[in-house]
Amino acid sequence: MKKRASIALAITFLMATAATAAENRCGWIVNPTPGNYWLDDKEGSWTIMTQGSDVEAKGAENMPDFSAGQFVRTNGYYGYACTCMSVDVDRVEKRITQIHSVKQLALAKCKGDKSLPKPNVD
């Protein structure tokens, strides 16, 4: 019985460790309006922050000014860019929980990636 409990504890620990391991995610970072950001990649849409809620990834304040690079404006100063991010995610909630680093890429990089959807700016 103790052996089963030890195995269960070890599995739980490994699952928790895997859930918090940083992942590299590349795709469209979308900022359609103030305080709303998400990343659209080959696995779907990942919420980074939502205006008016407490949903905000740790490290979000360190994201660069995407409009300083290659950026498509869709709503005044808001729009989308191509990026790769090192992040922790909550797969169940489909949200980014921690941002470790961000690198903005040329728009052509995302446009040429057939596994990416078109940017969702709605």
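Our structure is the block above this text.
In this numbering scheme, every chain counts its residues from 1 along its sequence in written order. Totals for whole chains, interfaces and linings use every residue, but because this is a predicted model, local features are given only for residues with pLDDT of at least 70 and side-chain atom pairs only at 80 or more, for both listing and counting. Side-chain measures were taken over the full set of non-hydrogen atoms in the model, leaving aside hydrogen atoms and water.

1. Describing the environment of Leu39
Each helix corresponds to a stretch of at least 4 residues labelled H or I by DSSP, and each strand to a stretch of at least 2 residues labelled E; elements are numbered beginning at the N terminus. Secondary-structure assignment places Leu39 in strand S2 (residues 37–41). Residue classification places Leu39 among the buried residues on the basis of a relative accessible area of 0%. Sequence separation between Leu39 and Ala81 is 42 residues; the distance between their C-alpha atoms is 9.7 Å. By definition, residues are in contact when any of their heavy atoms lie within 4.5 Å. The contacts of Leu39, once residues within four sequence positions are left out, are Arg25, Gly27, Trp28, Ile29, Gly44, Ser45, Trp46, Ile48, Thr83, Met85 and Ile96. To sort residues, take the accessible area from a 1.4 Å probe on protein chains only and compare it with the maximum for the residue type: under 20% means buried, over 50% means exposed, and anything in between is partly exposed.

2. Here we look at the packing of aromatic side chains
Side-chain rings of Phe, Tyr and Trp (the six-membered ring for Trp) are treated as a pair once their centres are within 6.5 Å; stacked means planes under 30 degrees apart, edge-to-face means over 60, and tilted covers the remaining angles. Enumeration according to the criterion identifies one aromatic pair in this entry. Look at Trp28 and Tyr80: their rings are 5.2 Å apart centre to centre, the planes differ by 90 degrees, and that puts the pair in the edge-to-face class. With Trp28 in strand S1 (residues 23–31) and Tyr80 in strand S5 (residues 78–90), the pair connects residues that are 52 residues apart, well separated along the chain. Each member of the pair, Trp28 together with Tyr80, is buried. Lysine and arginine charges are scored as sitting over a ring when NZ or CZ, respectively, is within 6 Å of the ring centre and within 35 degrees of the ring normal. The side chain of Lys94 reaches across the aromatic face of Trp46, ending 4.1 Å from its centre.

3. Overview of the side chain of Thr83
With respect to the helices and strands, the residue Thr83 is situated in strand S5. On the basis of relative accessibility, which here comes to 0%, the residue Thr83 falls in the buried class. A 3.5 Å cut-off defines polar contacts: any pair of N or O atoms within that distance qualifies, except that in protein one atom must be a possible hydrogen donor and the other a possible acceptor, and neighbouring residues in sequence count only when both atoms are side-chain atoms. At a separation of 3.0 Å, a polar atom in the side chain of Thr83 contacts the main-chain carbonyl oxygen of Lys103. Apart from residues no more than four positions distant in its own chain, Thr83 is found in contact with Arg25, Cys26, Gly27, Ile29, Leu39, Phe66, Val102, Lys103, Gln104, Leu105 and Cys110.

None of this, on its own, says anything about what the molecule does.
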